[in-house]
Amino acid sequence: MTTATPASATTASTAPPPSMRLRELVFGAACAAALRAAARLGVADALGDAPMPVEDLAAAVKTEPRPLRRLLRALSCYGVFTEREDGTFAHTEMSRLLREDDPNSLRNISLWCTEPWTWDAWPQLDEAVRTGRNVVQGLYGKEFFTYLNEDAPESADVFNRAMTTSSMQSARDVAELLDLSGSSSVADIGGGQGHVVASLLEKYPSMQGTLLDLPRVVENADPRLREGGPLAGRVRIVPGDCREAIPVRADVYIIKNILEWDDESTARTLRNVIGAGGPGARVVIIENLVDDTPSMRFSTAMDLLLLLNVGGAKHTTQSMTDRLTGAGLVIDTIRPVNPYLHAFECTVPA
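Read on for an overview of the structure. Nothing here was measured: the structure is a model prediction, and the numbers come from that model. (Residues numbered from 1 in each chain as written. Predicted model: local features only at pLDDT ≥ 70, side-chain atom pairs only at ≥ 80, totals over all residues. Heavy atoms only, no water.)

### Points about unusual backbone geometry
One non-glycine residue, K62, adopts positive backbone phi at about 60°. As for its placement among the helices and strands, K62 is situated in the loop between α4 (54–61) and α5 (65–76). Positive phi is not limited to glycine here, since F81 has a value of about 75°. With respect to the helices, strands and loops of the structure, F81 is situated in the loop between α5 and β1 (82–83). (Helix = DSSP H or I, 4+ residues; strand = E, 2+ residues; numbered from the N terminus.)

Right under this line is the structure:
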């Protein structure tokens, strides 16, 4: 009697031929859909530290065993879960990231990147490439975030959870990277719920902070920053649009993952920061880059998604450099924050 080798245990000595690799790529939607299904079913949460028979796992997540095995076998080909020789399934480093309770969880990001609107938009990528404009307006008759908030509230909730999770995770990396020991104040511009400024205030107990973002965003600021929170006495929450004005004076300005608009909006924001800070102020721009080798597959995919939904774009190192120096900033250093973010540390010249 022979036993089949589990798909996840098979290692190829050579890469698949181009014809097979292309076949795999065109079925990329199957992998994305499988990740979404596993996240929505809560498979990673139900699977504990010990391997489980698929029948037990199916009972835990209320599915049929046979199709669940098919789902897990497909994911195991990509290193998400692993099928053992006895037919049980176990966690891998990647599958653990689908757990809700993992400190580095990507469950909400996985759901956001596979929300229903994405399946409407991706097939029209050729149209977006032809015109250079987003396709959401044509699909739904509304701008993207208007559509989310008015017509797809569940998807808007997924977006908010995904952005919160991502921001909390990267905020720790930003705080670890930046040395602000010579500064007394920091402003988080377009900072969402303020996870970055909160992490920096925790790192520097004598520092004062400011969070600026749209009114509906800062209403849900990090609890650490709101009244009664441990950092509330050292932070000012300012509702506003950084493209219109930045009525905030600080030694250091942080701008993270928001310079993805049209060139004029980006230029206005940078001018406003320079005007607010004045000569000698530090400005730290943190962005994904589409020419950053460790994360290019992720960053270029996000770049195309931005084209589809809002007509925006991720930057190359050169395009970001051009915008920053064109606005009048002096770039001191460019450093990686983590595998998918870079920090441009700049100074407003005298």
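### A short note on the pairing of strand β8 (residues 330–338)
Note that β8 and strand β9 (residues 341–347) share seven bridges and pair antiparallel. In the sheet register, I334 faces β9, and the bridge partner there is F344. Between β8 and β9, which pair antiparallel one after the other, the connecting turn spans two residues. (Pairing = 2+ DSSP bridges.)

### Considering the nonpolar core
With 27 residues, the main nonpolar core has L180, V186, L225, I254 and I286 as its most contacted residues. Broken down by element, the residue count for this core peaks at five residues, all from helix α13 (residues 195–203). Counting 26 residues, the second-largest nonpolar core is a separate cluster that includes L212, V283, L324 and V348. (Core = buried A, V, L, I, M, F, W, Y, C linked by side-chain atoms within 4.5 Å. Buried < 20%, exposed > 50% of the residue type's maximum accessible area, 1.4 Å probe, protein only.)

### What to know about the sheet that holds β8
Spatial ordering of the open sheet is given by β5-β4-β3-β6-β7-β9-β8, a layout of seven strands whose pairing is mixed. Each of the sheet's edge strands pairs with one partner strand only, and the pair in question is β5 (235–239) and β8. Averaged over all pairs of adjacent strands, the angle between strand axes in this sheet comes to 20°, irrespective of strand direction. In the sheet, strand β7 (residues 282–287) pairs with β9 via six bridges, with the strands oriented antiparallel. Note that in β9 the partner of R282 across the bridge is T347. (Axes fitted to C-alpha atoms, helices over the stretch in contact; angles between N-to-C directions.)

### Focus on helix α16 (residues 296–309)
With 14 residues, α16 extends 20 Å from end C-alpha to end C-alpha; this agrees with the ideal 20 Å at 1.5 Å per step. For α16, the set of buried residues is S299, D303, L305, L306, L307, L308 and N309. Lining the buried residues of α16 we find α8 (116–121), α9 (125–131), α10 (136–140) and α11 (144–151). Once α16 ends, the next one or two residues include G311, with phi positive near 75°. (Expected span 1.5 Å × (residues − 1). Contact = heavy atoms within 4.5 Å.)

### Let's talk about the environment of Y140
Looking at where Y140 falls in the secondary structure, it is placed in helix α10. In this structure, the C-alpha to C-alpha distance between Y140 and N160, residues 20 residues apart in sequence, is 20 Å. In this structure, Y140 is in contact with W117, D120 and Y147, ignoring residues within four places of it in sequence. Among the polar contacts listed, one links the side chain of Y140 to the side chain of D120, at a separation of 2.6 Å. (Polar contact = N/O pair within 3.5 Å; in protein donor to acceptor, adjacent residues only side chain to side chain.)

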